[in-house]
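An overview of the molecular structure
Residues per chain, in single letters:
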Amino acid sequence: EKTGQAEMYTCEGQIRAFSSRLYRQITFPEYSAEDVYPYLFCKKNNLSYRYVPEAIIYYGLPSTLTDYIKQHTRYLHSKAIQSRNFTHDIIKQTYVISLRDKLRIYARYFLKSPIIVSLYTFFLVIPKIEVLFETESLSSKWSIISSTKK
């Protein structure tokens with residue numbers, strides 16, 4: 001079982017399973033970053049959460065740049081969206097990877113694989129620019145990322 005403050009990052013939509021008890025209790029609000037919401041719901045309601053590394057999943061990543069940008073833009077909005085559903089304390093305890101830690105890890109991997117990390121950086125910047133220039137307000141309706149559906 002994985003424990004610790006960063007366990008929220010192991011709760012992703014494509015790799016989740018709910019107990020029947022949780023499934024009966026949980027309701028998704030109109031505004032929700034769907035991947036993270038069940039984890040925060042469990043924490044708020046003192047329900048257990050378990051990471052199972054032995055689980056095997058099959059998942060399709062976005063295969064177009066447009067779908068990748070849509071998906072990553074949703075991730076970038078996640079914290080703001082969840083602040084509508086949970087207290088500041090829960091959000092602060094959950095979104096815990098500091099900028100310092102991110103930069104330290106980035107530097108370590110950049111020294112190992114500068115070309116790959118440079119490409120990774122390029123593809124991280126595109127959605128961030130998209131978010132900066134968005135003219136629409138946050139919506140509860142996401143457009144479908146068709147390249148991940150088969």
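Here the structure is a predicted model, which is why all the values come from computation and not from measurement.

A word on the overall build of the protein
The secondary structure content of the protein amounts to six helices and zero strands. Shown N-terminal to C-terminal, the secondary structure of the protein runs as helices and strands in the order α-α-α-α-α-α. Looking at the protein alone, contacts between residues at least 24 apart form 74% of all its contacts between residues at least 6 apart.

Thoughts on the pattern of salt bridges
Summed over the entire model, instances satisfying the criterion amount to two salt bridges. One salt bridge in this structure joins Lys70 and Asp67, with 3.9 Å as the shortest N-O distance. Of the two residues, Lys70 and Asp67 are both situated in helix H3 (residues 65-82); the distance of three residues between them amounts to about one turn of the helix. The exposure class of Lys70 is partly exposed, given its relative accessible area of 27%. Note that Arg104 and Asp101 form a salt bridge whose closest N and O atoms lie 3.3 Å from each other.

A short note on the environment of Val117
Tracing the chain through its elements places Val117 in helix H6 (residues 114-132). Separated by ten residues in sequence, Val117 and Ala107 place their C-alpha atoms 9.2 Å apart. Once you skip the residues sitting within four places of it in the chain, Val117 turns out to touch Tyr106, Tyr109 and Phe110.

What to know about H3
The first and last C-alpha atoms of H3 sit 26 Å apart over 18 residues, in line with the 26 Å expected at 1.5 Å per residue. At Leu76, H3 shows its maximal bend, which comes to roughly 35°. Listing the buried residues of H3 in full gives Asp67, Ile69, His72, Thr73, His77, Ser78, Ile81 and Gln82. Next to the buried residues of H3 lie helix H2 (37-44), helix H4 (88-94) and H6.

What to know about the environment of Asn45
Inspection of the secondary structure assignment puts Asn45 in the loop between H2 and H3. Spatially, the C-alpha atoms of Asn45 and Gln25 are 10.0 Å apart, while their sequence positions differ by 20 residues. At a separation of 2.8 Å, a polar atom in the side chain of Asn45 contacts the main-chain carbonyl oxygen of Phe41.

Concerning the nonpolar core
Core analysis: the biggest nonpolar cluster contains 16 residues, and Leu22, Tyr39, Leu40, Phe41 and Phe86 have the highest contact counts within it. Put simply, the parts of the chain that give this core at least two residues each are H2 and H4. Sorting elements by how many residues they give to this core places H2 first, with five residues. Among residues more than four places away in sequence, those in contact with Leu40 are Gln82, Phe86, Ile90, Ile91 and Thr94.

Description of the confidence of the model for the protein
For the protein, the mean per-residue pLDDT works out to 81, and 85% of the residues sit at or above 70. When mean pLDDT is compared element by element in the protein, helix H5 (residues 99-112) scores highest at 93, while H3 scores lowest at 84.

Brief notes about the side chain of Ser78
Among the structural elements, Ser78 can be located in helix H3. Using a relative accessible area of 3% as the deciding quantity, one classes Ser78 as buried. Looking at Ser78, its side chain comes within polar contact range of the side chain of Tyr95, at 2.6 Å.

About the criteria used
- Residues numbered from 1 in each chain as written.
- Predicted model: local features only at pLDDT ≥ 70, side-chain atom pairs only at ≥ 80, totals over all residues.
- Heavy atoms only, no water.
- Helix = DSSP H or I, 4+ residues; strand = E, 2+ residues; numbered from the N terminus.
- Contact = heavy atoms within 4.5 Å.
- Salt bridge = Lys/Arg side-chain N within 4 Å of Asp/Glu carboxyl O.
- Buried < 20%, exposed > 50% of the residue type's maximum accessible area, 1.4 Å probe, protein only.
- Expected span 1.5 Å × (residues − 1).
- Bend = angle between axes of the 7 residues up to and from the residue.
- Polar contact = N/O pair within 3.5 Å; in protein donor to acceptor, adjacent residues only side chain to side chain.
- Core = buried A, V, L, I, M, F, W, Y, C linked by side-chain atoms within 4.5 Å.
- pLDDT = per-residue confidence, 0-100.

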